[in-house]
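As a plain string of letters, each chain reads:
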Amino acid sequence: MTPTRFADVKGFLPENEGEQLANWARESASLGPLLEIGSYCGLSTLWLAEVARESNTVVFAVDHHRGSEEHQVGEFFHDEALVDDAGRFDSLPEFRRNLLANDAEDVVIPIVAPATLVARHWTTSLGLVFIDGGHSLDAALADYRNWSQHVVKGGLLVIHDVFRNVAEGGQAPHAIWQLAKQSGLFEPVGSCESIRALRRL
Ligand SMILES: C[S@@+](CC[C@H](N)C(=O)[O-])C[C@H]1O[C@@H](n2cnc3c(N)ncnc32)[C@H](O)[C@@H]1O
C-alpha cells in the first residue's frame, strides 16, 4: 500500500483532494506562480510546493496564522497544541516546522498577514489561486473579489469546501463558486470531493 503523503502534517485536505490540487497546479504552473489563501499548518502548501519545484516556480502562502472562527478556543476545530505563550492561536511555528521538514522552504514564500491587507498591494499575475481561508460569507466573498482578478487567462481558480448539498456545510465557498461560474469570466473544469476548479476564460 502506498504510504499517505504528508501523514505527519495537521490539516484539512484529504489525500485525494491534495492530489487533485497538485494536478491542477501542474496544469497551470507554467502560466504563473501559485498562491493559496489559508495555509494553516502547511498541508495544502506542501502539495503545491512539490509542483512549484517541478515547474520552477513558487507558492505564495497567505495566512495570518491566527486561525479561522472554527479554530478559536472553545470551537470545534480548536487545537490546544497550536496556541502561543500569550494564549492566542498561532499555526505559524508548526507551518514553518513542516516546510523545513519537507524541504520546501526554497519554493514557498509565506505571507503572514490578513488576505485583504495583502490583496490591497498585490499586482502579480498568478497561474493558480487556491481559496481555503475564512469560511464566513464576508471572508469568502472578499477572497473571491480580491484574488480571482489575478488569475491569468487559462489559469485556475480553485475553491475548497464547496459542497453540493449546502446543508453539509461550506455555504460560503459554494456561494463564491456560483459567483465565479455565473461571472462569465470562468468555466468549471472539475471537482474532487469538496474541491473544485474553474478556468479563467
Ligand atoms: C481551513 S484552514 C486552511 C487549511 C489548509 N489549506 C490545509 O490544507 O490544511 C483556514 C486558514 O485560513 C486562515 N485565515 C482565515 N481567515 C484569513 C484571513 N482573512 N487572512 C488570512 N488567513 C486567513 C486561518 O488562519 C487558517 O489557517
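Our subject is the structure listed above.
Here goes a summary of the coordinates provided. In this text, all values refer to a predicted model and were calculated from it rather than measured experimentally.

1. So, the overall build of the protein
Right, on to step 1. Along the protein, the regular secondary structure elements total six helices and seven strands.
Right, on to step 2. Along the protein, from the amino end to the carboxyl end, the secondary structure elements read α-β-α-β-α-β-α-β-α-β-α-β-β.
Right, on to step 3. In terms of overall dimensions, the protein is globule-like: its C-alpha atoms have a radius of gyration of 16 Å, near the 17 Å expected for 201 residues.
Right, on to step 4. Judged by the C-alpha coordinates and their principal axes, the protein covers about 45 × 45 × 35 Å.
Right, on to step 5. Here the protein holds 201 residues, and 45% of them are scored as buried.

2. Some thoughts on helix H2 (residues 43-55)
Right, on to step 1. With 13 residues, H2 extends 19 Å between its outermost C-alpha atoms, agreeing within 8% with the 18 Å of an ideal straight helix rising 1.5 Å per residue.
Right, on to step 2. Residues of H2 that are buried: Leu-43, Ser-44, Thr-45, Leu-46, Trp-47, Leu-48, Ala-49, Val-51 and Ala-52.
Right, on to step 3. Backbone geometry just downstream of H2 places Asn-56 in the positive-phi region, at approximately 60°.

3. Description of the sheet that holds strand E2 (residues 59-62)
Right, on to step 1. The strand order across the open sheet built from seven strands is E3-E2-E1-E4-E5-E7-E6, with neighbouring strands paired in mixed fashion. Two strands in the sheet have a free side with no partner beyond their single neighbour: strand E3 (108-111) and strand E6 (186-192). Direction aside, the axes of adjacent strands within the sheet are offset by 20° on average.
Right, on to step 2. Two elements, strand E4 (residues 126-131) and strand E5 (residues 151-159), share five bridges in a ladder whose sense is parallel. Along E5, the bridge assignment pairs Ile-131 with Ile-159.

4. A look at the nonpolar core
Right, on to step 1. Leu-48, Val-59, Leu-128, Val-129, Leu-157 and Val-158 are the most contacted members of the largest nonpolar core, which totals 52 residues.
Right, on to step 2. Among the elements that take part in this core, H2 stands out by supplying seven residues, more than any other.
Right, on to step 3. When sequence neighbours within four positions are dropped, the list of residues in contact with Val-59 reads Leu-34, Glu-36, Thr-45, Leu-48, Ala-49, Ala-52, Val-107, Val-108 and Ile-109.

5. Points about the pairing of E5
Right, on to step 1. For the segment spanning E4, helix H5 (residues 137-147) and E5, crossover handedness is right-handed.
Right, on to step 2. As paired strands, E5 and strand E7 (residues 195-200) are joined by four bridges and run antiparallel to one another. Bridge assignment links Ile-159 to a residue of E7, and that residue is Arg-196.

6. Details of the pairing of strand E1 (residues 34-37)
The two faces of the sheet receive side chains in turn, since in a regular strand these alternate between them.
Right, on to step 1. By the alternation rule, side chains of E1 split into Leu-34 and Glu-36 and Leu-35 and Ile-37, which are all buried.
Right, on to step 2. Bridge analysis of E1 against E2 gives four bridges, and the strand direction is parallel. Paired with Glu-36 across the two strands is Ala-61, which belongs to E2.

7. Quick notes on the environment of Gly-67
Right, on to step 1. With respect to the secondary-structure elements, Gly-67 resides in the loop between E2 and helix H3 (92-101).
Right, on to step 2. In this structure the C-alpha to C-alpha distance between Gly-67 and Arg-88, which are 21 residues apart in sequence, comes to 9.4 Å.
Right, on to step 3. With sequence-adjacent residues up to four places away left out, Gly-67 is seen in contact with Gln-72, Phe-89 and Ser-91.

8. Topic: unusual backbone geometry
Right, on to step 1. One non-glycine residue, Asp-103, lies in positive phi territory at about 60°.
Right, on to step 2. In this structure, Asp-103 sits in the loop between H3 and E3.
Right, on to step 3. For Asp-103, a count of 11 C-beta atoms within 10 Å translates into the label exposed.

What counts, and at which threshold
In this convention, every chain numbers its residues from 1, walking through the sequence in written order. Only residues with pLDDT of at least 70 get local features here, since the model is predicted, and only at 80 or more are side-chain atom pairs given and counted; chain-wide, interface and lining totals rely on the full set of residues. The way it works is that DSSP assigns letters per residue, a run of H or I at least four long becomes a helix, a run of E at least two long becomes a strand, and they are numbered from the N terminus. Just to be clear, the radius of gyration here is over C-alpha atoms, and the globule rule we use is 2.2 Å times residues to the power 0.38. Whether a residue is buried, exposed or partly exposed follows from its count of other C-beta atoms within 10 Å of its own C-beta, namely 20 or more, 12 or fewer, or something in between, respectively; the C-beta atoms are built from the backbone. In a helix, the anticipated span is given by 1.5 Å times the number of residues less one. Here a strand pair is declared whenever DSSP counts at least two bridges between the two strands. Think of each axis as a best-fit line through the C-alpha atoms, taken over the contacting stretch in the case of a helix, with angles from 0 to 180 degrees between the N-to-C directions. Defined on buried residues, the nonpolar core groups Ala, Val, Leu, Ile, Met, Phe, Trp, Tyr and Cys residues joined through C-beta atoms within 7 Å. Contact definition: two residues whose C-beta atoms, as placed from backbone geometry, lie within 7 Å. Think of it like this: strands point away, you trace from the first strand over the helix to the second, and a clockwise trace means the crossover is right-handed.

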